[in-house]
Structure formats: structure tokens, C-alpha cells
Amino acid sequence: MNIDLAPLSGDWTKFTEIVERRHCIVHNQARASRRYCASNHSVEVGASLDAEPSYVQDATTRLELMCLLTVAAVWRKFSVDTRDLIDTLERIAFEALKRERWTVSSRLYEAWSGLPLSEQEKRMCQVNLWIAKKGTHGVESIQAEVEAWDVSGSDESFHLARLCLLDDIDGACALLPRLLEHEKIGGEALATWPLLAPRRTDKRIDDYRDIMRAYVEDQTGPDTSDDAGELPANLSEAQPPHP
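Read on for an overview of the structure. (Residues numbered from 1 in each chain as written. Predicted model: local features only at pLDDT ≥ 70, side-chain atom pairs only at ≥ 80, totals over all residues. Heavy atoms only, no water.)

**Some thoughts on the overall build of the protein chain**
Moving on, step 1. Summing up its helical and strand segments, the protein chain has 12 helices and zero strands in all.
Moving on, step 2. The helix and strand sequence of the protein chain, counted from the amino end, reads α-α-α-α-α-α-α-α-α-α-α-α.
Moving on, step 3. Dimensions of the protein chain, computed from C-alpha atoms along their principal axes, come out at roughly 65 × 45 × 35 Å.
Moving on, step 4. Per-residue burial for the protein chain yields a buried fraction of 40% across its 243 residues.
Moving on, step 5. Considering only contacts in the protein chain between residues 6 or more positions apart, those separated by 24 or more positions represent 54%.
Moving on, step 6. When the accessible area of the protein chain is evaluated, it comes to approximately 13,800 Å², of which 50% is carbon and sulfur surface. (Helix = DSSP H or I, 4+ residues; strand = E, 2+ residues; numbered from the N terminus. Buried < 20%, exposed > 50% of the residue type's maximum accessible area, 1.4 Å probe, protein only. Contact = heavy atoms within 4.5 Å. Areas by Shrake-Rupley, 256 points an atom, 1.4 Å probe, with all protein chains shown as cover.)

**What about helix α9 (residues 156-165)?**
Moving on, step 1. Summarising burial for α9: seven of the 10 residues are buried, a large majority.
Moving on, step 2. Those residues of α9 that sit buried are Ser 157, Phe 158, Leu 160, Ala 161, Leu 163, Cys 164 and Leu 165.
Moving on, step 3. As for α9, its buried residues are in contact with α7 (119-137), α8 (143-147) and α10 (169-181).
Moving on, step 4. Asp 167 occupies a position one or two residues after α9 and carries a positive phi of about 60 degrees.

**Let's talk about the nonpolar core**
Soluble globular proteins tend to pack their nonpolar side chains together in the buried interior.
Moving on, step 1. Grouped together as the largest cluster of nonpolar side chains are 54 residues, with contacts concentrated most on Trp 112, Trp 149, Leu 160, Leu 165, Ile 185 and Leu 190.
Moving on, step 2. Once residues within four sequence positions are removed from consideration, Leu 160 is found in contact with Ala 172, Leu 175, Leu 176, Leu 179, Ile 185, Trp 193 and Leu 196.
Moving on, step 3. Counting five residues, the second largest nonpolar core, distinct from the first, contains Cys 24, Ala 32, Tyr 36 and Cys 37. (Core = buried A, V, L, I, M, F, W, Y, C linked by side-chain atoms within 4.5 Å.)

**Focus: the side chain of Glu 20**
Moving on, step 1. The topology assignment puts Glu 20 in helix α2 (residues 12-27).
Moving on, step 2. The exposure class assigned to Glu 20 is buried, which follows from its relative accessible area of 12%.
Moving on, step 3. Excluding residues that lie within four positions of it along the chain, Glu 20 makes contacts with Arg 35 and Tyr 36.

**Here's the deal with the pattern of salt bridges**
Moving on, step 1. All chains considered together, the criterion is met by 17 salt bridges.
Moving on, step 2. For the salt bridge of Asp 167 with Lys 134, the shortest nitrogen-to-oxygen distance reads 2.6 Å. Of this pair, Asp 167 sits in the loop between α9 and α10 while Lys 134 sits in helix α7, and the two are 33 residues apart along the sequence.
Moving on, step 3. The exposure class assigned to Asp 167 is partly exposed, which follows from its relative accessible area of 38%.
Moving on, step 4. Exposure remark for Lys 134: the relative accessible area of 17% places this residue in the buried category.
Moving on, step 5. The network of salt bridges with common partners includes Arg 83, Asp 87 and Glu 121. (Salt bridge = Lys/Arg side-chain N within 4 Å of Asp/Glu carboxyl O.)

**Overview of unusual backbone geometry**
Moving on, step 1. Positive phi, normally seen in glycine, also occurs at Ala 30, with a value near 60 degrees.
Moving on, step 2. Structurally, Ala 30 is set in the loop between α2 and α3 (34-39).
Moving on, step 3. Owing to a relative accessible area of 23%, Ala 30 belongs among the partly exposed residues under this scheme.
Moving on, step 4. Positive phi outside glycine occurs at Asp 167, with the angle close to 60 degrees.

**Quick notes on the packing of aromatic side chains**
Moving on, step 1. Taken as a whole, this structure holds four aromatic pairs when the rule is applied.
Moving on, step 2. Ring geometry for Trp 12 versus Phe 15: centroids 5.7 Å apart, planes at 25 degrees, classification stacked. Remark: Phe 15 and Trp 12 occur in helix α2; sequence separation between them is three residues, near one turn of the helix.
Moving on, step 3. A residue is classified by how much of its surface remains accessible, and Trp 12, at 39% relative accessible area, is partly exposed.
Moving on, step 4. The exposure class of Phe 15 is buried, given its relative accessible area of 12%.
Moving on, step 5. Where Trp 149 meets Phe 158, the ring centres are 6.1 Å apart and the plane angle is 80 degrees; that geometry is what we call edge-to-face.
Moving on, step 6. On the basis of relative accessible area, Trp 149 is assigned to the buried category, the value being 14%.
Moving on, step 7. Classification of Phe 158 as buried rests on a relative accessible area of 1%.
Moving on, step 8. A connected cluster of aromatic rings, assembled from ring pairs, spans Trp 130, Trp 149 and Phe 158.
Moving on, step 9. Directly above the ring of Tyr 55 sits Arg 21, whose terminal nitrogen or CZ lies 4.4 Å from the centroid. (Phe/Tyr/Trp six-rings, centres within 6.5 Å; stacked < 30°, edge-to-face > 60°. Lys NZ or Arg CZ within 6 Å of the ring centre and 35° of its normal.)

Structural data, given as C-alpha cells:
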């Protein structure tokens, strides 16, 4: 199929080490084989190959990404119409973003950006890449780029995105009523949108609690318990709209 897997791996050396370590664990009593040592010169033949939880988590993420990106590459190669691929890959990337899986989301959106997107989708992609980068490295890592981002003439939801990315909560709060009035966003976005996560820690969110509760009840059914006044903490299954 002539698909180069190395760029999809993120780090081919690290990826092949994971595969070779797996072979040693399964077939060589978790001890380094000659084949493993041939590409990992700091390890002696027969050395124990431990797999700490952090290593396993990183390896699992790398393998997951490799599978997803390989499927996307094959899909694109043999697809006449890429719309289904665009929608599917973005849905998976956004789910990762909601769950604060920054590395997964970022890598998938990077791949998504290489597809034939609309101008609206390109902007949405950039916003979500900034969210992931901010989640990983803090607002300082995106501040200069976002401050230079010209949103004049854009949909107001992108104005809100810029304010939220820069942690301008006051500005976001001032803009929200107009966006709600014009139905640019609703209870779903308020309750689940990763971009609005800082907004949900602000007490002014109480002004919109009824809107959020209506959305939650629409998804889960009305809550008749004594705690019905509280919104559930885990809203990760909801799919918020994009800017």
C-alpha cells in the first residue's frame, strides 16, 4: 500500500522498542533478547525488562495512536469521498479532547488538519489543537499565537474561543448572553465543551444552570432524587457542538 508507518508512530525508535519489549515479555520471560539488545545498546542480554505503570500507559497510548492513524491513512488512500473519514476522525479526536487526553487529541487533530477541510473546520481544528497544547503546557505555550489570531469578521463563537483560550473569563462571561440569545451555543456546550472548562469553575455559571440542567435531563432523564439540584460531575459522554 506504500504507506510509511514511521511518521505515524510519532517516534519510530520508541515504537519499535515497545514492540521488541513486548516480544521479550511474551516469549523470553521478560528478559532482553539479542534482537532487543541489537537496537537498545545500553541493555545487556538477559537483563530484566520491567514495565512500570507509566511505561505501560505511554506504550498503550502510542499503540492506540498508531492503530488509529494507520486506519486513517489506509481509509484515505482507498476512499473516493473523504467526508466519512473527516467526520469519524474528528469525532474520535474530540472525544479524546473532552477526556483531557491531550497527546491523543493533538496527534489526531494534526492528522485531521491534513484532510480536505472546510475553512470552518480548519479554524475549529486550530482551536482544538490550542486547547490540547494549553492542557499540556499551560496558557503561556499558546498565548502569543492566540493573541495574534485575527477573529474579526468571524463567527462570534470564535471570539468566545479566543477569550477562553486566553483565560479571559470576564470577557467570555460578557459575550455568553449574546451567543445564547442567538443560539450559537446552548446547554450542551455550557455543560461539556472543553473550551468552556475554565468558565465552569466561575460562580457566574449559576446564571445558566437551568439551561445546563435541561440539557443533562434531556440526555439522561429527569433526576427526581434529593440531589436533583446538582449537575452530575461526569458529562463526558455528551457531544458538545464545535465553534
